[in-house]
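Fold and geometry: a report
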Amino acid sequence: MSQVIQPQFRHTPVLVDEVCTLLINDLSGIYVDGTFGLGGHTKALSSLLNDDATLIGIDQDQSALAQFIPTLVQQPLHLVCTNFENLDQVLADLKINKVHGILLDLGLNSFSLDDPERGFAFSLQGPLDMRFDRSNELTAEIVVNNYSQEKLADIIFRYGEERNSRRIARRIVEMRTNKRLTQSDDLKLAVIKSVDPRFRTKSLARVFQAFRIEVNREMEVLSNVLYSAIRVLVPGGRLAVISYHSLEDRMVKTHFRDLSQNIPRQPGMIDEEIRIPLLKRITGKPIIASQTEAAENPRARSAKLRVAERTIHATE
Ligand SMILES: C[S@@+](CC[C@H](N)C(=O)[O-])C[C@H]1O[C@@H](n2cnc3c(N)ncnc32)[C@H](O)[C@@H]1O
């Protein structure tokens with residue numbers, strides 16, 4: 001059954017002015033919103049771009065794309081339901097070679113977060129699902145019930161940065177010997193029984209984040225898209241990434257830093273060691289929300305925006 005969006009669930013795009021200012025470099029250019037969600041950023045970009053610009057919206061969550069009313073934008077808009085790691089293929093299908101800007105506003109939209117059926121929120125009772133793309137086979141239920149204790153602890157530690165990872169993994173395994181864990185409440189109970197009540201909420205957030213990252217291969221697909229984005233940007237084109245947790249931000253930061261470094265030829269160097277910078281960093285420190293935005297939109301509190309530009313002289 002489709003979920004009807006109530007006005008209070010409407011998604012407020014994060015750092016929207018900053019994204020528009022830093023991303024737009026050609027008013028008639030081609031822009032990819034790789035995490036279209038409910039279209040908040042695309043709508044804002046559309047209001048600033050010329051009518052002959054082109055917009056491409058990608059989201060792997062069909063239920064989010066289905067909410068958008070295409071007449072809200074003036075420009076041609078191509079909506080594609082797929083993982084953003086397939087960016088090259090999306091552009092090839094549209095017969096587009098290069099684009100002027102790409103936005104990635106990572107994570108999940110508030111529409112999905114607020115839907116108990118998706119199992120993303122520990123505050124809501126629902127199935128252990130957590131898939132962005134509901135046609136994927138791997139669900140949180142499969143991870144929780146089928147992975148070894150060691151692998152569970154590893155995921156909770158690596159993707160949730162949770163200190164009590166081993167204890168929580170042990171508890172999950174104990175609980176699942178009695179009955180299959182199918183509900184978000186089952187996972188919640190495993191965490192609650194394993195951690196000091198003072199740190200319960202933080203641990204719950206970390207553990208749910210860890211399983212979501214695993215189910216959706218979030219670190220792997222982010223790494224893939226960061227490389228393909230650079231390949232498809234015109235020189236001077238920009239990539240803007242908003243991340244919401246330190247693992248994502250670290251990956252974006254390292255990627256931007258490494259690809260903006262110049263390693264000139266020196267005696268004895270082999271070709272692979274020489275690097276012409278493919279990127280120029282536009283933001284040094286990440287941009288964060290103003291106090292006003294953070295007060296009005298809790299999602300904005302953990303947001304970090306980094307922007308880089310494809311260098312002019314760079315070849316493939
Ligand atoms: C924070 S929301 C984006 C909200 C959007 N900027 C707006 O203003 O409405 C992130 C969206 O990205 C989607 N998403 C996350 N990872 C994705 C991926 N690997 N490929 C495609 N879409 C993805 C989620 O389904 C979600 O709708």
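Check the entry above for the structure.
Definitions and limits used
- Residues numbered from 1 in each chain as written.
- Predicted model: local features only at pLDDT ≥ 70, side-chain atom pairs only at ≥ 80, totals over all residues.
- Heavy atoms only, no water.
- Helix = DSSP H or I, 4+ residues; strand = E, 2+ residues; numbered from the N terminus.
- Rg over C-alpha atoms; globule rule 2.2 N^0.38 Å.
- Buried < 20%, exposed > 50% of the residue type's maximum accessible area, 1.4 Å probe, protein only.
- Near = heavy atom within 4 Å.
- Polar contact = N/O pair within 3.5 Å; in protein donor to acceptor, adjacent residues only side chain to side chain.
- Areas by Shrake-Rupley, 256 points an atom, 1.4 Å probe, with all protein chains shown as cover.
- Phe/Tyr/Trp six-rings, centres within 6.5 Å; stacked < 30°, edge-to-face > 60°.
- Lys NZ or Arg CZ within 6 Å of the ring centre and 35° of its normal.
- Contact = heavy atoms within 4.5 Å.
- Core = buried A, V, L, I, M, F, W, Y, C linked by side-chain atoms within 4.5 Å.
- Domains from an automatic or database assignment.
- Pairing = 2+ DSSP bridges.
- Axes fitted to C-alpha atoms, helices over the stretch in contact; angles between N-to-C directions.
- Salt bridge = Lys/Arg side-chain N within 4 Å of Asp/Glu carboxyl O.
- Parallel < 35°, antiparallel > 145°, perpendicular 65-115°, else oblique.
- Left-handed = near helix turned anticlockwise from the far one by under 90°.
- Right-handed = clockwise from strand over helix to strand, strands pointing away.

Attention now goes to the overall build of the chain. Secondary structure assignment for the chain yields 13 helices and seven strands. A globule of 316 residues ought to have a C-alpha radius of gyration of about 20 Å, and the chain, at 21 Å, matches this closely. Taken over the C-alpha atoms alone, the chain extends approximately 60 × 60 × 40 Å along its principal axes. Across the 316 residues in the chain, those meeting the buried criterion constitute 51%.

The subject of this paragraph is the site of the ligand. The ligand sits among 24 residues. The nearest are His41, Asp59, Phe84, Asp105 and Asn109. Taking aspartate 59, its side chain carries an N or O atom lying 2.6 Å from an oxygen atom of the ligand. The fraction of the free accessible surface of the ligand (610 Å²) that becomes covered by protein chains is 99%.

What follows concerns the packing of aromatic side chains. What describes a pair of aromatic rings is the distance from one ring centre to the other and the angle between the planes of the rings. The final tally for this structure, using the stated rule, is three aromatic pairs. Where phenylalanine 36 meets phenylalanine 68, the ring centres are 4.8 Å apart and the plane angle is 85°; that geometry is what we call edge-to-face. Taken together, the residues span a long stretch of sequence, with phenylalanine 36 in the loop between β1 (30-33) and α2 (40-48) and phenylalanine 68 in the loop between α3 (62-65) and β3 (77-81) at a distance of 32 residues. Like phenylalanine 68, phenylalanine 36 is buried. Summarising the aromatic geometry, the rings of phenylalanine 122 and phenylalanine 208 are spaced 5.8 Å apart at their centres and angled 65° between planes, so their arrangement reads as edge-to-face. Linking phenylalanine 122 in the loop between α5 (110-113) and α6 (140-146) with phenylalanine 208 in helix α10 (residues 200-215), this pair joins segments that are 86 residues apart in sequence. When its relative accessible area of 3% is taken as the criterion, phenylalanine 208 is described as buried. Looking at arginine 158, its charged tip hangs above the ring of tyrosine 159, at a distance of 5.0 Å from the centre.

By the secondary structure assignment, alanine 190 is in helix α9 (residues 184-192). Each C-alpha atom of the pair alanine 190 and arginine 170 lies 9.0 Å from the other, and the pair is 20 residues apart in sequence. Apart from the residues within four sequence positions on either side, alanine 190 is in contact with Arg171, Ile172 and Met175.

With that out of the way, let us pick up the nonpolar core. Of all hydrophobic cores here, the largest spans 33 residues; its most connected members are Met130, Leu152, Ile172, Leu187 and Phe211. For this core, the secondary structure elements donating two or more residues are α6, α7 (149-160), α8 (165-178), α9 and α10. Residues lining this core come from more than one domain, with at least three contributed by each of domain 1 (7-111 + 219-310) and domain 2 (137-215). Core analysis: the next-biggest nonpolar cluster, separate from the first, contains 28 residues, Ile58, Val90, Val241 and Ala308 among them.

Turning next to the sheet that holds strand β5 (residues 233-243). Pairing in this open sheet of seven strands is mixed, and the strands run β3-β2-β1-β4-β5-β7-β6 from one edge to the other. The outermost strands of the open sheet, each flanked by one partner alone, are β3 and β6 (279-281). The mean angle between the axes of side-by-side strands here comes to 20°, regardless of whether they run parallel or antiparallel. The sheet contact formed by strand β4 (residues 99-105) and β5 spans six bridges and is parallel. Counted as the bridge partner of aspartate 105 is isoleucine 242 from β5.

The subject of this paragraph is the pattern of salt bridges. Here the structure, examined in full by the defined rule, presents 17 salt bridges. Residue aspartate 129 is joined to arginine 131 by a salt bridge in which the shortest nitrogen-to-oxygen separation is 2.9 Å. Residues aspartate 129 and arginine 131 agree in their burial class; the two are buried. Measuring nitrogen to oxygen at the nearest pair gives 3.3 Å for the salt bridge that ties lysine 179 to aspartate 186. Using a relative accessible area of 46% as the deciding quantity, one classes lysine 179 as partly exposed. Overlapping salt bridges, with partners in common, bring together Glu85, Arg217 and Glu220 in one network.

Here we come to the packing of α9 against α10. Contact geometry of α9 with α10 gives a least axis separation of 10 Å together with a crossing angle of 130°. Classified by the angle their axes make, α9 and α10 are oblique. Considering how the two elements wind past one another, α9 and α10 form a crossing that is right-handed. On α10, the residues that touch Ser184, Leu187, Lys188, Val191 and Ile192 of α9 are Arg200, Ser203, Leu204, Val207, Phe208 and Phe211.

What follows covers the pairing of strand β2 (residues 54-59). Burial analysis of β2 places six of its six residues in the buried class, which makes it a mostly covered element. Of the two faces of β2, the one holding Thr54, Ile56 and Ile58 and the one holding Leu55, Gly57 and Asp59 are both buried throughout. As paired elements, β1 and β2 share four bridges and run parallel to each other. Residue pairing across strands places isoleucine 30 opposite threonine 54, the latter belonging to β2. Taken together, β1, α2 and β2 form a β-α-β motif whose crossover is right-handed. Two strands pair when backbone bridges link them, and β2 and β3 are joined in this way by five bridges, in the parallel orientation. If you follow isoleucine 56 over to β3, its bridge partner there is histidine 78.

Just geometry here; none of it tells us what the structure is for.
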